[in-house]
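Chain and residue survey
So you can see what is in the structure, the chains are spelled out below.
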2 protein chains.
Amino acid sequence: MIAGGGPVPRQLIDACRSNGRPVFVVALEGQTDAATVAGVDHVWVKLGEASRTIDALKAAHAEELVLVGPIKRPSLITLRPDLRGAQLLARIGMRALGDDGLLKAVRDELESEGFRLIGAHDVLRDALAQHGVMGAVAPDDLALSDIAFGMKVARQLGELDIGQAVVVQQGVVLGVEAVEGTDALIARCAALKKDGPRPVLIKRAKPQQDRRLDLPTVGLDTVALCIDAGFGGIAIEAGGSLVLDRAQIVARADQAGMFVLGVVPEQ
Amino acid sequence: MIAGGGPVPRQLIDACRSNGRPVFVVALEGQTDAATVAGVDHVWVKLGEASRTIDALKAAHAEELVLVGPIKRPSLITLRPDLRGAQLLARIGMRALGDDGLLKAVRDELESEGFRLIGAHDVLRDALAQHGVMGAVAPDDLALSDIAFGMKVARQLGELDIGQAVVVQQGVVLGVEAVEGTDALIARCAALKKDGPRPVLIKRAKPQQDRRLDLPTVGLDTVALCIDAGFGGIAIEAGGSLVLDRAQIVARADQAGMFVLGVVPEQ
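Residues numbered from 1 in each chain as written. Chains lettered and ligands numbered in written order. Predicted model: local features only at pLDDT ≥ 70, side-chain atom pairs only at ≥ 80, totals over all residues. Heavy atoms only, no water.

Let's talk about the overall build of chain A
Counting secondary structure elements, chain A contains 9 helices and 13 strands. With the C-alpha coordinates of chain A rotated into their principal frame, the extents come out at 55 × 40 × 30 Å. In chain A, which comprises 267 residues, the proportion classed as buried is 55%. Across chain A, every contact between residues at least 6 apart in sequence was considered, and the portion connecting residues at least 24 apart equals 73%. Carbon and sulfur atoms make up 53% of the accessible area of chain A, which totals about 10,900 Å². For chain A, the centre of its 29 positive side-chain charges and the centre of its 34 negative side-chain charges are spaced 2 Å apart. (Helix = DSSP H or I, 4+ residues; strand = E, 2+ residues; numbered from the N terminus. Buried < 20%, exposed > 50% of the residue type's maximum accessible area, 1.4 Å probe, protein only. Contact = heavy atoms within 4.5 Å. Areas by Shrake-Rupley, 256 points an atom, 1.4 Å probe, with all protein chains shown as cover. Lys, Arg positive; Asp, Glu negative; His and termini not counted. Charge placed at Lys NZ, Arg CZ, Asp CG, Glu CD.)

Next up, the structure:
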């Protein structure tokens, strides 16, 4: 595993262990939580240290590889690539420092070394979002209209490699996610929302995205933030996003009168 | 004039007066600054009071009409339209509560009453952004690449009626404007920016937008915020945005080593 930030890498590690699957983790300095690798075979590398990463994975006899957890994008100045990392960066060019371009270049580099890339959802099978209402609360017609609009907006944001999430209320886009991340988006929209029917968080995978990379994720923290923000619900892409701790999420959302919905995107 | 918030309505009033052009102002409760209408013939109305607005404009013998200044979008619950306002809302429907849809419906309603709609730039002719570098500082190649990307992103945001502004740094979209407005976008991106080449604020008119409605505006406050945020420059649509107090803006930007650029959008 190459582990980014947040709680998902650890959940994946725990899932592997409970399945008896051996794990080796490449942790990224300044990105991965220390708790992620506690008690797990791992190495710390800097972003850009491509040779060290590949050497460590080979030494660990890794065959299947999963990239999971958000990675803060580096600046051109703070990034100190090794020779191989520099060659990689030179090849993809400046403009590819968007999430998607960078991830795809890293994926290609890793696959060229013979590692088989798998998705987090291949390990956390139960976490892949299903189609339909997940709890006791269902969206009304206005919410469904906001969701349809938000899915369209999120698709275009994804095509431009900007972000995955958007908040819509009463037909108006309250906020759009870019570098700040979903948590900051939710907090901002709490202050921007209007009276009346409540906002909806919509999150979907980038359409051109390799589903093995960076799937949208909804966890307990996301749900707690949406409840605090007074949102009416969360809509995520069915088959294209991860819902972690689903039973607890649904229980909390039900209690708050908030829906959690898996949506099949238009083709 | 139907006046929204911010300083532009007052600047327009002063421009009219110095040209000897009589002005009557419809000020919107909770939106227009009190200072805007000080010493000017005006009436205060609530958003949604369509009949009162039209009656007041007719009583003032208005012929040409300009809509200027941002208007905070109402919620469905706080909006208390009069009969005519309710009929208008029913006709345009919920989804048109985006900026652009709402403004166009209001425009059509006003034109059907015989008023001739003009743009703020028809009065503030000197304020329309010109093509090219406005001060002593020019963008470098990296900034030009960020601007080209930002113009493309802003175009799509505009097509979706989300917002007009975007901040790009080193090929990455730091932030996207929705309901929060440009000032909040700039402040947020100040905290999100990376080391190295500085971010650029890009602002353009929505492509489908009636140029007489809601042109993007850059004022001294915008420039001061961008300087405080450590941005490298501002790029706005030439012929499609207003630069207020240009001489002062250019002087301050020059002093801060920041460029101000008018860009002709790709067709």
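Details of the environment of Ala 229 of chain A
Residue and element names in this part refer to chain A. For Ala 229, the position within the fold is in the loop between helix 8 (220-228) and strand 11 (233-237). For the pair Ala 229 and Ala 34, spaced 195 residues apart in sequence, the C-alpha to C-alpha distance is 29 Å. In contact with Ala 229, other than residues within four places in its own chain, are Ile 186, Ala 190 and Lys 193.

Here's the deal with the sheet that holds strand 13 (residues 259-263) of chain B
Residues and elements named next belong to chain B. Read from one edge of the open sheet, 6 strands run 6-13-11-9-7-8, paired in mixed fashion. Of all the strands in the sheet, the pair left with one neighbour each is strand 6 (132-133) and strand 8 (172-176). Two strands pair when backbone bridges link them, and strand 11 (residues 233-237) and strand 13 are joined in this way by 5 bridges, in the parallel orientation. Of the residues in strand 13, the one forming a bridge with Gly 233 is Phe 259. (Pairing = 2+ DSSP bridges.)

Structural notes on the pairing of strand 2 (residues 25-28) of chain A
All names here are of chain A. Side chains Val 25 and Ala 27 project from strand 2 onto one buried face, and the interleaved Val 26 and Leu 28 project onto a second face that is buried too. Relative to strand 2, strand 1 (residues 2-3) is paired through 2 bridges, and the arrangement is parallel. Paired with Ala 3 across the bridge in strand 2 is Ala 27. Crossover connection from strand 1 via helix 1 (residues 8-18) to parallel strand 2: handedness right-handed. (Right-handed = clockwise from strand over helix to strand, strands pointing away.)

Quick look at unusual backbone geometry
Positive phi is not limited to glycine here, since Gln 170 of chain A has a value of about 50°. Tracing the backbone shows Gln 170 of chain A in the loop between strand 7 (165-169) and strand 8 (172-176). The backbone phi angle of Asp 161 of chain B is positive, close to 60°, even though this residue is not glycine. Among the structural elements, Asp 161 of chain B can be located in the loop between helix 6 (141-159) and strand 7 (165-169). Under the relative-accessibility criterion, Asp 161 of chain B is labelled buried at 15%.

Details of the packing of helix 8 of chain A against helix 9 (residues 246-256) of chain A
Residue and element names in this part refer to chain A. With their axes 9 Å apart at the nearest point, helix 8 and helix 9 run at an angle of 10° to one another. In this view, helix 8 runs roughly parallel relative to helix 9, as classed from their interaxial angle. Here Leu 220, Val 223, Ala 224 and Ile 227 of helix 8 lie close against helix 9, whose contacting residues are Gln 248, Ile 249, Arg 252, Ala 253 and Ala 256. Residue composition of the contact of helix 8 with helix 9, grouped by class: 7 nonpolar, 1 polar and 1 charged. (Axes fitted to C-alpha atoms, helices over the stretch in contact; angles between N-to-C directions. Parallel < 35°, antiparallel > 145°, perpendicular 65-115°, else oblique. Nonpolar A, V, L, I, M, F, W, Y, C, P; charged D, E, K, R; others polar.)

Some words on the domain arrangement of chain A
Residue and element names in this part refer to chain A. Splitting chain A by domain gives domain 1 (2-123) and domain 2 (128-263). The centre of domain 1, based on its C-alpha atoms, is set 27 Å off from the matching centre of domain 2. Contact residues are listed per partner, giving 17 residues for domain 1 and 17 residues for domain 2. A buried area of about 1,400 Å², summed over both sides, lies between domain 1 and domain 2, and 56% of it is on carbon and sulfur atoms. Across the contact surface, domain 1 and domain 2 share 0 salt bridges. Where domain 1 packs against domain 2, one counts 1 residue pair in polar contact (both at pLDDT 80 or more). Listing elements by their share of the side of domain 1 that touches domain 2, those giving two or more residues are helix 1, helix 4 (99-112), strand 5 (116-118) and helix 5 (120-123). Of all the elements, helix 4 adds the most residues to the side of domain 1 that touches domain 2, at 7 residues. (Domains from an automatic or database assignment. Buried area = accessible area lost by both parts, 1.4 Å probe. Salt bridge = Lys/Arg side-chain N within 4 Å of Asp/Glu carboxyl O. Polar contact = N/O pair within 3.5 Å; in protein donor to acceptor, adjacent residues only side chain to side chain.)

Concerning helix 8 (residues 220-228) of chain B
Residue and element names in this part refer to chain B. Among the residues of helix 8, those classed as buried are Thr 222, Val 223, Ala 224 and Cys 226. Considering only its buried residues, helix 8 is in contact with helix 7 (182-192), strand 9 (200-203), strand 10 (217-218), strand 11 and helix 9 (246-256). Positioned one or two residues after helix 8, Gly 230 has a phi angle of 75°, which is positive.

Side note on the UniProt feature "domain: LpxI C-terminal" (unreviewed entry) in chain A
When the UniProt feature table is mapped onto this chain numbering, "domain: LpxI C-terminal" (unreviewed entry) sits at residues 131-260 of chain A. Secondary structure within residues 131-260 of chain A divides into 38% helix and 21% strand; the distance between the first and last C-alpha atoms comes to 10 Å. (UniProt positions renumbered as here; feature names shortened; annotations may be inferred.)

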